[in-house]
Structure formats: structure tokens, C-alpha cells
Amino acid sequence: MSTILDRIVEQTREDLQRRKKRLNWRDLDSFPRFERPRRGFRNALIGEPLSVIAEIKRASPSQGVIREPFDPVSIARGYEKGGASCLSVLTDEPFFKGSLRYLEQVSDTVSIPLLRKDFLVDPWQVKEARAHGADAVLVIASVTSDALIDELLDAAREFELDVLVECYSEQEVDRMDWNRVNLFGVNNRDLHTFEVDLHRGVSLLQQAPKDVVRVSESGLSRAEDLAWLSTQGIDAALIGEYFMRAEEPGTALETLLVDMEHKLDRTNDKPRP
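All values derive from a computational prediction rather than experimental measurement.

Novice: Requested: an account of the side chain of Thr 91, with residues and values cited.
Specialist: Along the chain, the position of Thr 91 falls in the loop between β4 (86–90) and α4 (100–107). Thr 91 sits in the buried class, given a relative accessible area of 4%. Polar contacts involving the side chain of Thr 91 include one to the side chain of Arg 116, which spans 3.0 Å. In this view, Thr 91 contacts Gly 98, Ser 99, Leu 100, Leu 103, Arg 116, Lys 117 and Asp 118; residues no more than four positions away in its chain are not counted.

Written out as C-alpha cells, the structure is:
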């Protein structure tokens, strides 16, 4: 029986073939955003107690439409003002109601780096991401072979994009080539039960070498959890649905960051035994 991920990947391949018929590889070079300098996604996540990648997401397969009306430009501005280190923009259309147009609009609006969040099945999509204004792309290990991961990493290096490689399981972490992967994420949500387990996610993230930037993804909404992630050596958190359901996503982000800092201050003030 096929899973939702199987259906998403199959649809992604079909849609990509249609786009390739409209555009060839060299056509992407002429896109106005293609020649812009990249903004350094990975570097933007280093240095804070815990950086936040704030996600712009209209819908999901499990939740349906999350935010309506949906204004990616207004959301992006609020996120940047609220203290986001980077943004994640969903570009998958059939299942997440995203768009490459949203990526372009946000790229033209903010100065912080952008991740194209989609299901990459072909290096063509990496160049496409650059052409539409992305600074980084997501590679999901559970739907990607080792050979394809290498191809995607090669393409990202050619087009000067960072790559967030995402895993879900111990087996996928074991596949990582740490000589090539320097930005590593773990989805805290079990894809079969949809339960969130931060401890499992952190345990997997901590297996990465110390020079790898570690990103905790999914199911995050509490300042206590963000503070705890920071104490465990996690560099960043990717948060989407919690903000998307807030009346003002940027304000929700700002409040969460302030509360996290207060939690961390109280932790640091505790006397050591």
C-alpha cells in the first residue's frame, strides 16, 4: 500500500516533467533572481542560543488548509521583524498549496535567507530553486537514494545553495556522509503514528559531528521545548504550523523567542550542585 509520501513523490515527478517541457536547463539562467548573491542559510543559523527557521505554509496533507486568507509577503515581513534567522517556504502545490511564486515574492521582500521546502527528486529542482530566489534546499533522506543525495549535493554546490538534509530514523542517519552534509535536520514527528517525540529527535541529531549545524523540525510550539533543545546542543528549530495558526505569526515568533530566552536565563541562574 502506498503512503502519502509515495503519492507526493510520484506527483512531484509528474509535475516536474511538465515544467521541464516548458523550460529547459539553460532557460533558468535567464531568470532575474538567478544571478543574485546567495544569503548564507547555514551561516545564519550559527551563534544564537537557538535560531528559528520560521515556515510559510498554507496547508498540509494531514491538516488541510491551515491559514486562509494567506499572504506570504505579509507573513515574511512579520517573521523577519519578529526575529527569524531564516525562512522556509513551501513550494509543493498539490499537497501543501505552495508555489514557486511565493518563493519569489518572499525573496524580493526580506533580507534573511530562504529555504525552498519541497520534495526534491531531480537536480533540476536545485537549479530551479536558485532561479526562483532560494538560498537553500531541503533533501529528505526517506524519499531519496544515496546516489540521488550525492547528485543533489553536487548540484547545490554548483549553484551555491546550502542543503538541509532531513532524516526520520536511525537507519537514515547511518546513511549520512558527514564529509558532505553540514546542515542536518531530524523530523520529530513519526511518519506512521504522527506522534511527536523530541527526545528521539535530539538523540538522532546528537549523532552528527560537532561542526554540523543541527535542526530540530516539527511539533514545536513551547518555549520550554526550545530552551531544552538549546541546552542539548541543537542549533535551530524549524517551526511552521504553530505560527501559521496564530493571528499574527511574526508576533507569535517574537513572543516565543523572548519566552525561550527567559527560560534559558533561569536555567543558567540555577546554582550548580
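Novice: Can you explain the pairing of β4? Please cite residues and give values.
Specialist: In terms of burial, β4 is largely enclosed, as 5 of its 5 residues are buried. Judged by which residues are buried, β4 turns out to be covered on both faces: Cys 86, Ser 88 and Leu 90 on one side and Leu 87 and Val 89 on the other are all buried. Pairing analysis gives 4 bridges linking strand β1 (residues 51–56) to β4, with the strands arranged parallel. By the bridge assignment, Ile 56 is partnered in β4 with Val 89. Here 4 bridges tie β4 to strand β5 (residues 114–117), and the two strands are oriented parallel to one another. Bridged to Leu 90 within β5 is Lys 117. Taken together, β4, α4 and β5 constitute a β-α-β crossover, and its handedness is right-handed.

Novice: Go over the side chain of Arg 116 with me, naming the residues and quoting the values.
Specialist: Looking at where Arg 116 falls in the secondary structure, it is placed in strand β5. The class for Arg 116 is buried, based on a relative accessible area of 1%. Here Asp 118 takes part through its side chain, which lies 3.4 Å from a polar atom of the side chain of Arg 116. Of note is the side chain of Arg 116, whose polar atom sits 3.0 Å from the backbone oxygen of Gln 125. Arg 116 has contacts with Arg 19, Val 89, Thr 91, Leu 100, Leu 103, Gln 125, Glu 128, Ala 129, Ala 134, Ala 136, Val 137 and Leu 138, leaving out every residue within four places of it along the chain.

Novice: Please set out the pairing of strand β7 (residues 162–167) residue by residue, giving values where relevant.
Specialist: Here β7 lies mainly inside the structure; 6 of its 6 residues are buried. The two faces of β7 match: Asp 162, Leu 164 and Glu 166 on one face and Val 163, Val 165 and Cys 167 on the other face are all buried. Handedness of the β-α-β unit built from strand β6 (residues 136–140), helix α6 (residues 146–158) and β7 comes out right-handed. Pairing between β7 and strand β8 (residues 183–187): 3 bridges, direction parallel. Considered in β8, the bridge of Cys 167 is made with Val 186.

Novice: Tell me about the sheet that holds β1, and please be specific about residues and values.
Specialist: As a general point, the strands of a sheet are linked pairwise by backbone hydrogen bonds and lie either parallel or antiparallel. Sheet architecture is closed into a barrel: 8 strands sit in the order β1-β4-β5-β6-β7-β8-β9-β10, paired in parallel fashion. Direction aside, neighbouring strands of the sheet carry axes that sit 25° apart on average. Pairing geometry for β8 and strand β9 (residues 213–217), over 5 bridges, is parallel. Pairing of Asn 187 across the sheet is with Glu 217, part of β9. Contacts from helix α3 (residues 72–82) reach β1 and β4, with the element oriented near 170° to β1. This element, helix α8 (residues 198–205), spans β8 and β9 of the sheet and lies at about 155° to β8.

The rules behind each value
Residues numbered from 1 in each chain as written. Predicted model: local features only at pLDDT ≥ 70, side-chain atom pairs only at ≥ 80, totals over all residues. Heavy atoms only, no water. Helix = DSSP H or I, 4+ residues; strand = E, 2+ residues; numbered from the N terminus. Buried < 20%, exposed > 50% of the residue type's maximum accessible area, 1.4 Å probe, protein only. Polar contact = N/O pair within 3.5 Å; in protein donor to acceptor, adjacent residues only side chain to side chain. Contact = heavy atoms within 4.5 Å. Pairing = 2+ DSSP bridges. Right-handed = clockwise from strand over helix to strand, strands pointing away. Axes fitted to C-alpha atoms, helices over the stretch in contact; angles between N-to-C directions.

These values are about where atoms sit, not about what they do.
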